[in-house]
Amino acid sequence: MGSSSLSEDYRQCLERELRRGRAGVCGDPSLRAVLWQILVEDFDLHGALQDDALALLTDGLWGRADLAPALRGLARAFELLELAAVHLYLLPWRKEFTTIKTFSGGYVHVLKGALSEDLLIQSFQKMGYVPRDDHCLTVTALPPAHQLVQVALGCFALRLECEILGEVLAQLGTSVLPAEELLQARRASGDVASCVAWLQQRLARQEEPPPLPPRGSPAVFRAQLDLYRDLQEDSDSDSDDASLYGGPSPGPGSPSVEPAYRPLPWEQSAKLWGPQGEAWEPMEEGEALQRVSSPPRSPPYGALEEEEPEPEAFSFLSLRRELLSRPGDLGAPQAPGSPSPQHVQRPIAEPPGYQVHSCLAPGVLPTRCCDTCRQLHTAHCAALPACRLGHELRALLGDAHQRLWLQRAEMDTLLYDSPGARP
């Protein structure tokens, strides 16, 4: 099958799709299979199609460390070039297709990310585009219809060539090899299997692959970018199913990224005021109970001379549950001689909350907490030696942690109204 017969079949495919209401690249599976087989057996068909395959593939793959993603980027670039030629052939009256902005999203991200500027200009010149200025290509005179079909068919063949090379790499088991060796093996082989065998023998003789030539970092490819709009306009549309000309931005009905419910301050977890300063995250009730009841963690070895465990973070949720679970502490005092179950057995009533010791002047943060006296102290408090004898003394690490315990003591003072706890 010659190039003229392929061009006719390709033209009929495009017009058939247009009658179905779709003006896009060729998607006919039978034509695709035929062209694939011809290309696999005869790489020189690219010469008959005049698609500059060797120059474009060499330019797109040169210096790439991994050829597989480079081939995918090239295939996408050839598809966009094919689409531009198809638009001019099927819809020549559409004025928006006669101007291409070289700073548009599709041109910058897809085309320039895969091919050099000079080869891109040459490819567009075959479609009738000429540079109007540094930022725009325009069609001054529309080329003949058969020329546009020939250009589109050549881009279609280049897309299939990228897939053939990708199949070679998949069967080879590696895509890290010099581009010139891949292209040389492809041109010298009549099918995929022989190309893979040629490369395997070549790689087996090489102890170390040659260094890759320098090349700029590849651009990040995005889906469905547009050749005819500004780059800023393309960045406003991130829809995956948008057409070539960009899709609408998410509408007002899109779900909000903000949480639908934020608990009240006393129902929030300790993460809000925790010593690490982490962002708030909602927790289930079981998780919150587990956090407030978990044993305290120990500080790093050698951090404190007392080697005392670090207290767990305080939360208003735990304080609220503690108050609700101990109604007897807040109740009125009972008359002398009246029965009091279980409470009479305790020799000394433990203060229900933590208090600030008199050593703490206003604006000074506590550094020690006595769980027996339930008092907060400074590091040089005169009462600390007595607490160290048999009391449970812990260190308060960090300003945030110290400020948190100071707030807790002030909250306990307000809730229990027990100034007599101070010495």
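Residues numbered from 1 in each chain as written. Predicted model: local features only at pLDDT ≥ 70, side-chain atom pairs only at ≥ 80, totals over all residues. Heavy atoms only, no water.

In the nomenclature of an unreviewed UniProt entry, the chain corresponds to Spermatosis associated 2 like from the organism Myotis lucifugus. One UniProt comment on the chain, placed under Sequence similarities (unreviewed entry), says "Belongs to the SPATA2 family." (UniProt positions renumbered as here; feature names shortened; annotations may be inferred.)

Q: Give me the lowdown on the overall build of the chain, citing residues and values where you can.
A: Within the chain, the regular secondary structure consists of 16 helices and seven strands. Of all intrachain contacts in the chain linking residues separated by at least 6 positions in sequence, the fraction that spans at least 24 positions is 65%. (Helix = DSSP H or I, 4+ residues; strand = E, 2+ residues; numbered from the N terminus. Contact = heavy atoms within 4.5 Å.)

Q: Run through the sheet that holds strand β5 (residues 368-370), naming residues and quoting values.
A: Taken together, four strands build an open sheet; the order of strands is β4-β6-β5-β7 and the sheet is mixed. The open sheet is flanked by β4 (355-356) and β7 (393-395), the only strands paired with a single partner. With three bridges joining them, β5 and β7 adopt antiparallel strand pairing. In the strand pairing of β7, C370 is matched with L393. (Pairing = 2+ DSSP bridges.)

Q: Tell me what's going on with the nonpolar core, and back it up with residues and numbers.
A: Y10, F124 and M127 are the most contacted members of the largest nonpolar core, which totals 74 residues. In terms of residue count, helix α8 (residues 145-172) provides more of this core than any other element does, 16 residues in total. If sequence neighbours within four positions are ignored, M127 has contacts with L81, A84, A85, L88, P143, L148 and V151. Core analysis: the next-biggest nonpolar cluster, separate from the first, contains nine residues, V356, L376, W405 and A409 among them. (Core = buried A, V, L, I, M, F, W, Y, C linked by side-chain atoms within 4.5 Å. Buried < 20%, exposed > 50% of the residue type's maximum accessible area, 1.4 Å probe, protein only.)

Q: So what's going on with the pattern of salt bridges? Which residues, and what values?
A: Under the definition given, this model contains 13 salt bridges. Between D371 and R394 there is a salt bridge, with the nearest N and O atoms lying 2.6 Å from each other. Of this pair, D371 sits in the loop between β5 and β6 (375-377) while R394 sits in strand β7; the two residues are 23 residues apart in sequence, bridging distant segments of the chain. Taken as a pair, D371 and R394 share a single burial class, namely buried. Connected through shared salt-bridge partners, E8, R11 and E15 make up one network. (Salt bridge = Lys/Arg side-chain N within 4 Å of Asp/Glu carboxyl O.)

Q: Residues and numbers for a negative patch on the surface, please.
A: On the surface, E41, D42, D44 and D191 cluster together into a patch of negative charge. Within the element layout of this structure, E41 appears in helix α2 (residues 29-41). (Patch = residues over 30% accessible without salt bridge, like charges linked within 9 Å, V, L, I, M, F, W, Y side chains within 5 Å. Areas by Shrake-Rupley, 256 points an atom, 1.4 Å probe, with all protein chains shown as cover. Lys, Arg positive; Asp, Glu negative; His and termini not counted. Charge placed at Lys NZ, Arg CZ, Asp CG, Glu CD.)

Q: Before we move on, can you summarise the state of the cysteines with the specific residues and values?
A: Applying the stated criterion across every chain, the model contains zero disulfides. Left without a disulfide partner, C381 is nearest to the cysteine sulfur of C359, which lies 3.5 Å away. Residue classification places C381 among the buried positions, given a relative accessible area of 8%. (Disulfide = S-S within 2.5 Å.)

Q: Now, about helix α9 (residues 179-188): what can you tell me, with residues and values included?
A: Inspection of α9 places A179, E181, L182, L183, A185 and R186 among the buried residues, and these make up the whole buried set. Packing partners of the buried residues in α9 comprise α2, α4 (53-61), α5 (67-90), α8 and α10 (192-205).

Q: Explain the pairing of strand β2 (residues 129-133) to me, and be specific about the residues and the numbers.
A: Here β2 runs beside strand β3 (residues 136-139); their pairing, made up of four bridges, is antiparallel. Looking at the pairing, V130 lines up with T138 of β3.

Q: Help me get a handle on the side chain of H46, residues and values and all.
A: Among the structural elements, H46 can be located in helix α3 (residues 45-49). Within the structure, H46 has its side chain in polar contact with the side chain of E161 (distance 2.8 Å). Leaving out residues up to four positions away in the same chain, H46 has contacts with L39, D51, A53, A157, L158 and E161. (Polar contact = N/O pair within 3.5 Å; in protein donor to acceptor, adjacent residues only side chain to side chain.)

Q: So what about the packing of α8 against α9? Which residues, and what values?
A: To describe two helices that pack against each other, one gives the angle between their axes and the distance between the axes. At a closest axis distance of 11 Å, the pairing of α8 and α9 adopts a crossing angle of 105 degrees. Judged by the angle between their axes, α8 and α9 are roughly perpendicular. Across the interface between the two elements, E161, I164, L165, V168 and L169 of α8 pack against L182, L183 and R186 of α9. A breakdown of the residues in the contact of α8 with α9 according to their chemical character gives six nonpolar, no polar and two charged. (Axes fitted to C-alpha atoms, helices over the stretch in contact; angles between N-to-C directions. Parallel < 35°, antiparallel > 145°, perpendicular 65-115°, else oblique. Nonpolar A, V, L, I, M, F, W, Y, C, P; charged D, E, K, R; others polar.)

Q: Explain the environment of L153 to me, using residue names and the numbers behind them.
A: Tracing the chain through its elements places L153 in helix α8. When the C-alpha positions of L153 and S3 are compared, they lie 9.4 Å apart, and in sequence the two are 150 residues distant. Once residues lying within four places of it in the same chain are set aside, the contact partners of L153 are S3, L6, S7, Y10, L35 and L49.

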